[in-house]
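Chains, contacts and geometry: an overview
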Amino acid sequence: MESDRLTHLDSEGRAHMVDVGAKPVTRRRAVAEGRIRMRRETLDAIRTGDVSKGDVLAVARLAAIGGAKRTAETIPLCHPLALTSIEVEIDVEREAPGPGLRMTVTTAVEARTGVEMEALCGVSAGLLAVYDMCKGLDRAMEIGEVRLVAKEGGRSGPWRRMDTNDTQEIDR
């Protein structure tokens, strides 16, 4: 359910942090994903552990967790949340639309506000860590397709991306 107004703006158009104090605490979960495309040789170096800076996938996983945990420090109007869970999955994609990695971050919390931004920040930080560790091998890497895949909890209920071109709410 989308609102007709932007909740982070007051009646005079000034940015403010939304007061969520009256909302009930509920279990909330969000899943986000993103991709980094690279040359096949770069992907092979990551897979075989031949990147001079170290274990790219381990560092990317830690960066994703750290990025999710520090979202309120990065996004000015986000509430700081005590996350109860952060899961990071990294899949190697060898074929179309090109070699690279797909990262999925799932965040969960018992809170008065959602965790979508935490999942999105986690993915972004994790993919940026891959770029940082591999830029000496491949400066042409491309980060993209960072997007929310699903969310659960809260007043608006569950939502899931149905495919790449269409979004639709899940029936309650």
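Right above here is the structure, for reference.
The paragraphs below set out a description of the structure included in this document. Fair warning: this is a prediction, and the values are worked out from it, not measured in the lab.

Side note on the packing of helix 2 (residues 56–69) against helix 4 (residues 116–134)
The geometry of helix 2 relative to helix 4 is characterised by a closest axis approach of 7 Å and an angle of 145° between their N-to-C directions. The hand of the helix 2/helix 4 crossing is right-handed. Mapping the contact onto sequence places Val-56, Val-59, Ala-60, Ala-63, Ala-64, Gly-67 and Ala-68 in helix 2 and Glu-118, Cys-121, Gly-122, Ala-125, Gly-126, Ala-129, Val-130, Met-133 and Cys-134 in helix 4. Tallied by class, the residues present in the contact of helix 2 with helix 4 amount to 12 nonpolar, 3 polar and 1 charged.

Focus: the pattern of salt bridges
A complete count under the given rule lists 15 salt bridges for this structure. Asp-44 is the partner of Arg-47 in a salt bridge, and the nearest nitrogen-oxygen pair spans 3.8 Å. Here the residue Arg-47 and the residue Asp-44 both occupy positions in helix 1 (residues 40–48), the gap between them amounting to 3 residues, near one helical turn. In this structure Arg-47 comes out as partly exposed when scored by relative accessible area, which is 47%. Exposure remark for Asp-44: the relative accessible area of 26% places this residue in the partly exposed category. The closest approach of N and O atoms between Asp-132 and Lys-135, which form a salt bridge, is 2.5 Å. Judged by relative accessible area, Lys-135 falls into the partly exposed class, the value being 27%. When salt bridges that share partners are traced, they join Glu-33, Arg-35, Arg-37, Asp-91, Glu-93, Arg-102, Glu-145 and Arg-147 into one network.

Calculation rules
Residues numbered from 1 in each chain as written. Predicted model: local features only at pLDDT ≥ 70, side-chain atom pairs only at ≥ 80, totals over all residues. Heavy atoms only, no water. Axes fitted to C-alpha atoms, helices over the stretch in contact; angles between N-to-C directions. Helix = DSSP H or I, 4+ residues; strand = E, 2+ residues; numbered from the N terminus. Left-handed = near helix turned anticlockwise from the far one by under 90°. Contact = heavy atoms within 4.5 Å. Nonpolar A, V, L, I, M, F, W, Y, C, P; charged D, E, K, R; others polar. Salt bridge = Lys/Arg side-chain N within 4 Å of Asp/Glu carboxyl O. Buried < 20%, exposed > 50% of the residue type's maximum accessible area, 1.4 Å probe, protein only.

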